[in-house]
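Overview (structure and organization)
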2 protein chains.
Amino acid sequence: MGARGGTVGGQSVEKRSSARQRGTTVYLVWMVSETAGGNGKRSGAGAVRYQKLAAEMRRAIEAGKFGNDGRLPSEESLAEQYGVSRGTVRNALAQLRANGLVTSRRGTRRVILGTARTQSFHELLSFTSWARSLGEEPGARTIHARVRAATAVEGERLQLDPGDDITDVLRLRFLGRVPVMLERTIYPLQVGEAVEALAPDSLSHTGALDASGVVFADSEHTIDIVAADATDVRLLGCAEGTGLLREVRRATDPTGAPLLWSDDRFLPGTVSFTVHNSAAVSSLARRRAPR
Amino acid sequence: MGARGGTVGGQSVEKRSSARQRGTTVYLVWMVSETAGGNGKRSGAGAVRYQKLAAEMRRAIEAGKFGNDGRLPSEESLAEQYGVSRGTVRNALAQLRANGLVTSRRGTRRVILGTARTQSFHELLSFTSWARSLGEEPGARTIHARVRAATAVEGERLQLDPGDDITDVLRLRFLGRVPVMLERTIYPLQVGEAVEALAPDSLSHTGALDASGVVFADSEHTIDIVAADATDVRLLGCAEGTGLLREVRRATDPTGAPLLWSDDRFLPGTVSFTVHNSAAVSSLARRRAPR
DNA sequence: AAGTGGTCTAGACCACGTA
DNA sequence: ACGTGGTCTAGACCACTTG
């Protein structure tokens, strides 16, 4: 593992370690407990009221407990039924709305659209979590994982100065035994150290980071097509120049400091990406590719 | 144009026309005024308080009026400063948060991340609006536009019965004079009639629909790679089997009734798609492609 | 005219981060 | 210990849809 920093898997040395990077503080907490886990979206026990309510209403919708006219009861009656205020009901409904389960429109009852369309924030960041949520067996083979100086471009991507140390990981990812994706990830050194401490064959890096107390707050995913280069050809077994579906993942902590930057290239026909937008809020952007 | 329905461009005949489709009512309002425009996101005059506030804070952020420590004032002081309640401030901030402009984290001030990352809901649906927002000159050539019976698959996509009439449009889209995308769109007949009424060379179909009072409420965008077929080769001028970036757009009205279904194929290197997610809400889903 | 979701207010308490 | 954002409540009025 890297030069400085504490153990991650076992007893941790420090309660917190923060480091400065060009003026911003990297937010990085080492937990004492091994299993305490990060802040995964727990819609069960530890969640607050409106989250539990959202989960409960989700189940009620799936079970068809709101009748079969395809409409939800009014907010007022839901509030009474569940013994909470209307504000809390609206908070819960906003969550279902954001996931595309129900509509909302002034003047009429909410309409039930369907069930579960999007994935949790964590499943989006983690190939392993994603594969498991699909009932597939995720696999990984680490080609290399090393610390080196950042190039100018990489420095910009992680908001570091060129020449600062970064951790550079190249991994081939599988579904079952079939290679589907080649992942090129760089981490700032403070985050990378936690990754390097993992066993070489460990599956989920982001999962381990999350469990180590690294707080993922925002992510940005850019999707386009890229022609396979020599490395892609060698490891994915495709023809030179094949169009690969590329997902560039960027994740930041709550202060906006970059936690990882990754270029993931999928073989054609293995994945697709779906975004849900509502007129109120949209999160997708179509961009012109640079010429 | 089709059999029944009123004029769209000029004086409209009916104030509202709704039709039944397998149990659900299509929500479709014909405006009397020509220019009254749909419900485009007006963050200016007609908007409610928190939307105006969001727009105002957005400008304030861009102008650097909150100091240069990269943090926002507290919600309490913003409420006082703008003369509104904290709830309204939070509503406005939620909008900025959803667009990735600011972070939020219990215990500390909000951090300013950047400016304007995503596009409006309408720009996502409309190639024309999107191109213009980029300063590019959008173009379109209609290959065909006709009414025909829906296949089983198409019926399912538009929640119609197989054999019901649909409007089928094939258009080649340009940026400047360069063809970049081939668009295969189907509309339910009631919506399609408005499209057919347009001049053959009119640019923005979704824009015209929006202006005609068709209310777009939700959309879903699925992105993957598809091999170019004979039609793609002929119109886009690419080689047979080239990997094209495909965006499947689906849009529904506030009741969840489908308004359009479109298969758009972009030449490689012309566009990319970016999604912003926060730990609180995610709208992206990665899916396994069917085998 | 009645019912519904959208907006706004005022106040309270809590969980978390920072000093 | 203090300030911050997150949650929750109770009540009010408005804009819109529907019968």
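In this report, the structure presented in the accompanying data block is examined. In this text the structure is predicted, and so the values were computed from the model without any measurement. (Residues numbered from 1 in each chain as written. Chains lettered and ligands numbered in written order. Predicted model: local features only at pLDDT ≥ 70, side-chain atom pairs only at ≥ 80, totals over all residues. Heavy atoms only, no water.)

1. Looking at the overall build of chain A
Helix and strand counts for chain A come out as nine helices and 10 strands. Here chain A holds 291 residues, and the buried ones make up 51% of them. In chain A, the share of contacts with a sequence separation of at least 24, taken over all contacts with a separation of at least 6, comes to 57%. For chain A, the exposed area adds up to about 13,100 Å²; of that, 48% sits on carbon and sulfur atoms. (Helix = DSSP H or I, 4+ residues; strand = E, 2+ residues; numbered from the N terminus. Buried < 20%, exposed > 50% of the residue type's maximum accessible area, 1.4 Å probe, protein only. Contact = heavy atoms within 4.5 Å. Areas by Shrake-Rupley, 256 points an atom, 1.4 Å probe, with all protein chains shown as cover.)

2. Some words on the interface of chain A and chain B
Listed per partner, the contact involves 64 residues of chain A and 64 residues of chain B. Together, A:T274, A:R286 and A:R288 form the three largest contributors to the area buried by chain A at its contact with chain B, with a combined 15%. Across the pair B:R286 and A:E247 runs a salt bridge, and its minimum N-O distance is 3.3 Å. Our enumeration of links across chain A and chain B arrives at 31 residue pairs in polar contact (both at pLDDT 80 or more). Where the side of chain A that touches chain B is concerned, the elements lending two or more residues are α3 (86-98), α4 (121-125), α5 (127-133), β6 (218-227), β7 (243-252), β9 (271-278) and β10 (284-288) of chain A. Taken together, the residues of the side of chain A that touches chain B break down into 28 nonpolar, 21 polar and 15 charged. Where β10(A) meets strand β9 (residues 271-278) of chain B, five bridges bridge the pair, whose relative direction is antiparallel. (Buried area = accessible area lost by both parts, 1.4 Å probe. Salt bridge = Lys/Arg side-chain N within 4 Å of Asp/Glu carboxyl O. Polar contact = N/O pair within 3.5 Å; in protein donor to acceptor, adjacent residues only side chain to side chain. Nonpolar A, V, L, I, M, F, W, Y, C, P; charged D, E, K, R; others polar. Pairing = 2+ DSSP bridges.)

3. Quick look at the pattern of salt bridges
Residue and element names in this part refer to chain A. If you walk through the whole model with that rule in mind, you get 44 salt bridges over all chains. Note that R171 is salt-bridged to E183, the shortest N-O span being 3.5 Å. Here R171 is found in strand β4 (residues 165-175), whereas its partner E183 is found in strand β5 (residues 178-188), with 12 residues between them in sequence. This pair shows no difference in class: R171 is buried, exactly as E183 is. Shared partners join several salt bridges into a network, and the residues in it are R184, D224, D229, D232, R246, D263 and R265.

4. Digging into helix α3 (residues 86-98) of chain B
Between its first and last C-alpha, α3(B) extends 18 Å over 13 residues, near the 18 Å set by a 1.5 Å rise per residue. Inspection of α3(B) places B:T88, B:V89, B:A92, B:L93, B:L96 and B:R97 among the buried residues, and these make up the whole buried set. The inward-facing, buried residues of α3(B) contact β6 of chain A together with α1 (49-62), α2 (75-82) and β9 of chain B. One or two steps after α3(B), the chain reaches B:G100, where phi turns positive at roughly 75°. (Expected span 1.5 Å × (residues − 1).)

5. Structural notes on the nonpolar core
A:L245 and B:L245 are the most contacted members of the largest nonpolar core, which has 30 residues in total. Looking at this core, the elements that each hand over two or more residues are α5, β5, β6 and β9 of chain A together with α5 (127-133), β5 (178-188), β6 (218-227) and β9 of chain B. If we ignore the near neighbours within four places in the chain, the residues touching A:L245 are A:I223, A:D224, A:D264, A:R265, A:F266, A:V271, A:F273, B:I223, B:D224, B:I225 and B:L245. (Core = buried A, V, L, I, M, F, W, Y, C linked by side-chain atoms within 4.5 Å.)

6. Brief notes about the packing of aromatic side chains
Counted by the stated rule, this structure contains four aromatic pairs over all chains. Taken together, a centroid distance of 6.0 Å and an interplanar angle of 75° make the contact between A:F266 and A:F273 edge-to-face. Both residues of the pair, A:F266 and A:F273, belong to the buried class. One residue, B:R157, lies across the ring of B:W261, its end atom 3.8 Å from the ring centre. Positioned above the aromatic ring of A:W130 is the side chain of B:R286, whose terminal nitrogen or guanidinium carbon lies 5.1 Å from the ring centre. (Phe/Tyr/Trp six-rings, centres within 6.5 Å; stacked < 30°, edge-to-face > 60°. Lys NZ or Arg CZ within 6 Å of the ring centre and 35° of its normal.)

7. Description of the packing of α1(B) against α3(B)
All names here are of chain B. In contact at an axis separation of 8 Å, α1 and α3 are set at 60° when each is read in the N-to-C sense. In terms of their interaxial angle, α1 and α3 are classed as oblique. As for the relative orientation of α1 and α3, their crossing is right-handed in sense. Across the interface between the two elements, R49, Y50, Q51, L53, A54, M57, R58 and I61 of α1 pack against T88, V89, N91, A92, L93, Q95 and L96 of α3. For the contact of α1 with α3, the per-class residue count stands at nine nonpolar, four polar and two charged. (Axes fitted to C-alpha atoms, helices over the stretch in contact; angles between N-to-C directions. Parallel < 35°, antiparallel > 145°, perpendicular 65-115°, else oblique. Left-handed = near helix turned anticlockwise from the far one by under 90°.)

8. With respect to the relation of the copies chain A and chain B
For the pair chain A and chain B, the relating rotation is 180°, the translation along its axis is 0.0 Å, and the fit reaches an RMSD of 0.2 Å. Those values place the two copies in the arrangement expected of a two-fold rotation axis. No C-alpha of chain A lies nearer the rotation axis than that of A:G243, which sits 2.7 Å from it. The residues that chain A uses at the interface reappear at the interface of chain B in 100% of cases, marking a shared surface. (Least-squares fit on C-alpha atoms with pLDDT ≥ 70 in both.)

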